[in-house]
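Inside the fold
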Amino acid sequence: MKKVLAMLLAAGMIFSMTACGAKTEAPAEEKKETVEENTEAVEENVEGTEEMDGAMVLISEGKLVMATNAQFPPYELVSDGEGVDGTGFEGIDIEIAMVLAEKLGLELQIDDMDFDAALMAVQEGKCDVVLAGLTYTEERDQIMDFSDSYAQGVQVIIVNEDSAIKSVDDLANADQIGTQRGTTGYIYCCDDYGDDHVAAYDNGASAVQALKNGQVDAVVIDKAPALEYVGANEGLVILDTEYVVEDYCVAMAEGNRGLQAAINVALNELIEDGTVDAIIEKYIKA
Ligand code: GLN
């Protein structure tokens, strides 16, 4: 088990050291030209003077349609109030998508669905982008395209306070590990411990409820929502040991180079001018 984990950790670290967008298959020169073209398009749109030059393919004119799973606090959640700009949603990804769309001169539309449905939606051309605390993986990169990374995620382990599971190594003794369907937590646990020992739930809240009910022995989930769930549920703790370190990126349909370049230009501007950090800090106190 240790060996597998060491490999996973190494893989996780490689992912986190490599900008997701750097993995495009386009030759460097071609990519540079596309980026330059799109930079112009973005600049024109920022000033609101001209339409896009057509290089950026969108499913609906003038709109950036985002699929997400709004059960992943603090990255995306259904708001108690009106939400960000009256969308009914709030969170880091919602705010980043809002400023991205603004920079591209587009209106943001948010479609809330299960996490695995969001991954299907982008592949089937039912949305332009997925922002969902979505981790870059080489496997996913075969079937969709990714932007550069805008945040780091960590897979952690939640257990009941009195649990015999006290470290990553003890996960091997768990009869059932709760995860969210289709997530990296689910994939890694299936690889490490076998499908029979992994229970998949529609979202993190259901997995955490199953842990409280004693239906699973541990939950493997991203650290940011884990902190929220543990904060809201007495008797749960996050183990000190980190399982895998990951990069969060925006996903787009495979081959939509214009959109990928435009998103990367806008995203990097928002990273460089501190907007992305400010949004993250607003939701996650350092
Ligand atoms: N980061 C994890 C993944 O990409 C989980 C994301 C989520 O549940 N929203 O698989």
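Above this note sits the structure.
Nothing here was measured: the structure is a model prediction, and the numbers come from that model.

Concerning the site of the ligand
Not every one of the 13 residues close to the ligand is listed here, only the nearest: A132, G133, T135, T184 and D222. Separating a nitrogen atom of the ligand from a side-chain N or O atom of T135 is a distance of 2.7 Å. Within the side chain of Q180, one N or O atom sits 3.0 Å away from an oxygen atom of the ligand. Here the ligand, which alone exposes 290 Å², has 100% of that area covered by the protein.

Looking at the packing of aromatic side chains
Scanning all chains against the criterion turns up 4 aromatic pairs. Between Y188 and Y243, the ring centres sit 6.3 Å apart and the planes meet at 85°, which makes this aromatic pair edge-to-face. Here Y188, found in helix α6 (residues 184-193), pairs with Y243, found in the loop between β11 (236-238) and β12 (244-253); they are 55 residues apart in sequence, far enough to count as distant. Owing to a relative accessible area of 0%, Y243 belongs among the buried residues under this scheme. Grouped by ring-pair contacts, the aromatic residues F72, Y75 and Y248 constitute a single cluster.

A short note on the sheet that holds strand β3 (residues 76-78)
Pairing is antiparallel in the open sheet, where 3 strands are placed in the order β2-β3-β4. The open sheet terminates on both sides in strands that have one partner only, identified here as β2 (71-72) and β4 (89-90). Direction of pairing for β3 relative to β4: antiparallel, over a ladder of 2 bridges. By the bridge assignment for β4, V78 is matched with F89.

Rules behind the numbers
- Residues numbered from 1 in each chain as written.
- Predicted model: local features only at pLDDT ≥ 70, side-chain atom pairs only at ≥ 80, totals over all residues.
- Heavy atoms only, no water.
- Near = heavy atom within 4 Å.
- Polar contact = N/O pair within 3.5 Å; in protein donor to acceptor, adjacent residues only side chain to side chain.
- Areas by Shrake-Rupley, 256 points an atom, 1.4 Å probe, with all protein chains shown as cover.
- Phe/Tyr/Trp six-rings, centres within 6.5 Å; stacked < 30°, edge-to-face > 60°.
- Helix = DSSP H or I, 4+ residues; strand = E, 2+ residues; numbered from the N terminus.
- Buried < 20%, exposed > 50% of the residue type's maximum accessible area, 1.4 Å probe, protein only.
- Pairing = 2+ DSSP bridges.

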